[in-house]
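# Chain and residue survey
In case you want the letters, here they are:
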Amino acid sequence: MRIPNADDVRAAAARIAGVAVRTPLLECAVLGQLAGGRIFIKPEMLQRTGSFKFRGAWNRLSQLSGSERRAGVVAWSSGNHAQGVAAAAQMLGVPALIVMPSDAPRLKIERTRGFGAEIVLYDRLKEMREEIGARIAAERGAVIVRPYDDPDIVAGQGTVGLEIVEDAAQFGIGLDAVLVPAGGGGLAAGTVLALGAAMPDAKVWCVEPQGFDDHARSLATGHRLGNEAGATSFCDALLAPMPGELTFAINAPRLAGGLAVSDAEVTAAMRFAFEELKLVVEPGGAVALAAVLAGRFDTKGKAVALVLSGGNADPAAFAQALGG
């Protein structure tokens, strides 16, 4: 599989320009006071479909040939890649089928269906989504759009990092670190490619839920490790079984390391984002913020950017996080 580079990220930025939202990089004084540094946030809940995933989906689907567009696409996702692919497909007139876990947040399933995609549900404890998706794609002659192990998906997600670099330059600062949520590792991989070329002194860290810290453990050992069976977390967007093959090939030599946060720390971060930043952040999107608030990353005297990767929170879970 081809490994993308910084040029691919820049090409993706040109493709998504005028289609995807260029979300701002915002300095947060209240966070800076608490953390003892300059803290910036990248609010990707303001992106189309409520998460960064639209970036990669548009970059991938917009390059399909005429015959591939007619054949349609098949993807699998717990919800955010699903919505990104479904929205991009609808805009391009491409039939889309998405394989989603039956326990995915209802909001994500409804929104994906609302973008015109056909949905096939599966039991994530008993079935393999990749096998289901590959079978359907073969039957239909459709193109598989993987959630992270795809060079064009990685390059599209890397536009988050490219925009961070460009906006940091507008502030006249060099970042010391960027904290990025990690499930399959596509956002981290794209971000580290973008920063490695334009801001090499900035260290990129991935952040995961406890029990799903496969990146942290894999980075420490130098090879991909899976998560133990039976682990649970309400960070539904970050429950990939292990780092992607392509993404780990990018991330292993480039990421500074991995951090893990508890569901309780994520809940506190969601509440903080709502009360202090006036932002709705879903559990998986709040892990980087949680790492800073919980003191799991030293921010003293540093300039640090946090990617808040999405805001597709289940209403009931969000109400519970707020103490409702």
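These notes cover the structure that comes with them. (Residues numbered from 1 in each chain as written. Predicted model: local features only at pLDDT ≥ 70, side-chain atom pairs only at ≥ 80, totals over all residues. Heavy atoms only, no water.)

## Quick word on the overall build of the protein chain
As a reminder, the rule being used: A run of H or I in DSSP counts as a helix once it spans at least four residues, and a run of E counts as a strand once it spans at least two, with each numbered from the N terminus. In this treatment the radius of gyration is a C-alpha quantity, and the globule benchmark scales as 2.2 Å times the residue count to the 0.38 power. Here's how the labels work: a residue is buried when its accessible area is under 20% of the maximum for its type, exposed when over 50%, partly exposed in between, all with a 1.4 Å probe on protein chains only. Contacts between residues were defined by any pair of non-hydrogen atoms, one from each residue, lying within 4.5 Å. The protein chains shown are the only cover counted for residues, whose accessible areas, like all others here, come from Shrake-Rupley with a 1.4 Å probe. Neither His nor the chain ends contribute to the count of charged residues, in which Lys and Arg are positive and Asp and Glu negative. By convention, the charge on Lys lies at NZ, on Arg at CZ, on Asp at CG and on Glu at CD.
If you tally the helices and strands in the protein chain, you get 14 helices and 10 strands. A compact globule built from 324 residues would reach a C-alpha radius of gyration of about 20 Å, and the protein chain, at 18 Å, matches this within 12%. Across its three principal axes, the protein chain shows a C-alpha extent of roughly 55 × 45 × 40 Å. Split into buried and exposed, the 324 residues of the protein chain put 58% on the buried side. For the protein chain, the proportion of contacts with a sequence separation of at least 24, taken over those separated by at least 6, is 74%. Of the roughly 12,600 Å² of accessible surface on the protein chain, a fraction of 51% belongs to carbon and sulfur atoms. Within the protein chain, the 34 negative side-chain charges are centred at a point lying 4 Å from the centre of the 31 positive side-chain charges.

## Some details on the sheet that holds strand β4 (residues 96-101)
To keep things clear, this is the line we draw: Any two strands with at least two DSSP-identified bridges between them are counted as paired.
Reading across the sheet, the four strands line up as β5-β4-β3-β6 and stay open at both edges, with parallel pairing between neighbours. Strands with a single pairing partner mark the edges of an open sheet, and in this sheet they are β5 (118-122) and β6 (143-144). Relative to β5, β4 runs parallel, the two sharing five bridges. Bridging across to β5, Ile-98 finds its partner in Ile-119.

## Some points on the pairing of strand β9 (residues 257-261)
The alternating pattern of β9 places Gly-257, Leu-259 and Val-261 on a buried face and Gly-258 and Ala-260 on a face that is not buried. Relative to β9, strand β8 (residues 203-209) is paired through five bridges, and the arrangement is parallel. Each residue of the ladder has a partner; that of Pro-209, found in β9, is Val-261.

## Points about the pattern of salt bridges
The condition is simple: Here, a salt bridge means any Lys or Arg side-chain nitrogen found within 4 Å of an Asp or Glu carboxyl oxygen.
By the definition in use, this model includes 19 salt bridges. Taking the shortest distance from any N to any O, the salt bridge between Glu-166 and Arg-22 comes out at 2.5 Å. Linking Glu-166 in helix α8 (residues 151-171) with Arg-22 in the loop between α1 (6-16) and β1 (26-27), this pair joins segments that are 144 residues apart in sequence. Among the residues examined, Glu-166 registers a relative accessible area of 38% and is labelled partly exposed. The salt bridge involving Asp-213 is made with Arg-217; its shortest N-O contact spans 3.1 Å. On the basis of relative accessibility, which here comes to 27%, the residue Arg-217 falls in the partly exposed class.

## A few points about α8
Operational definition: What a helix should span is 1.5 Å times the count of its residues minus one. One fitted axis covers the seven residues ending at a residue, a second covers the seven starting there, and the bend at that residue is the angle between these axes.
Compared with the 30 Å implied by 1.5 Å per residue over 21 residues, the 31 Å span of α8 between its first and last C-alpha is a close match. At Thr-159, α8 shows its largest kink, close to 25 degrees. The element α8 is extensively covered by neighbouring structure, given that 17 of its 21 residues are classed as buried. Looking one or two residues past α8, Gly-172 carries a phi angle of roughly 75 degrees, positive in sign.

## Observations regarding the sheet that holds strand β2 (residues 38-43)
Spatially, β1-β2-β10-β7-β8-β9 is the arrangement adopted by the six strands of the open sheet, whose pairing is mixed. For this open sheet the edge positions go to β1 and β9, each flanked by a neighbour on one side alone.

## Describing the nonpolar core
To keep it simple, the criterion reads: The definition of a nonpolar core used throughout is a set of buried Ala, Val, Leu, Ile, Met, Phe, Trp, Tyr and Cys residues joined through side-chain atoms within 4.5 Å.
In terms of nonpolar packing, the biggest core is built from 35 residues, with Leu-31, Leu-179 and Leu-306 touching the most fellow members. Listing elements by their share of this core, those giving two or more residues are α2 (29-35), β2, β7 (177-181), β9, α12 (263-277), α13 (287-293), β10 (303-308) and α14 (315-321). Here Leu-31 is in contact with Ile-39, Ile-41, Phe-272, Leu-277, Leu-289, Leu-293 and Leu-306, once residues within four sequence places are set aside. Counting residues in each nonpolar core, the second largest holds 34 residues, with Val-154, Ala-168, Ala-188 and Leu-246 among its members.

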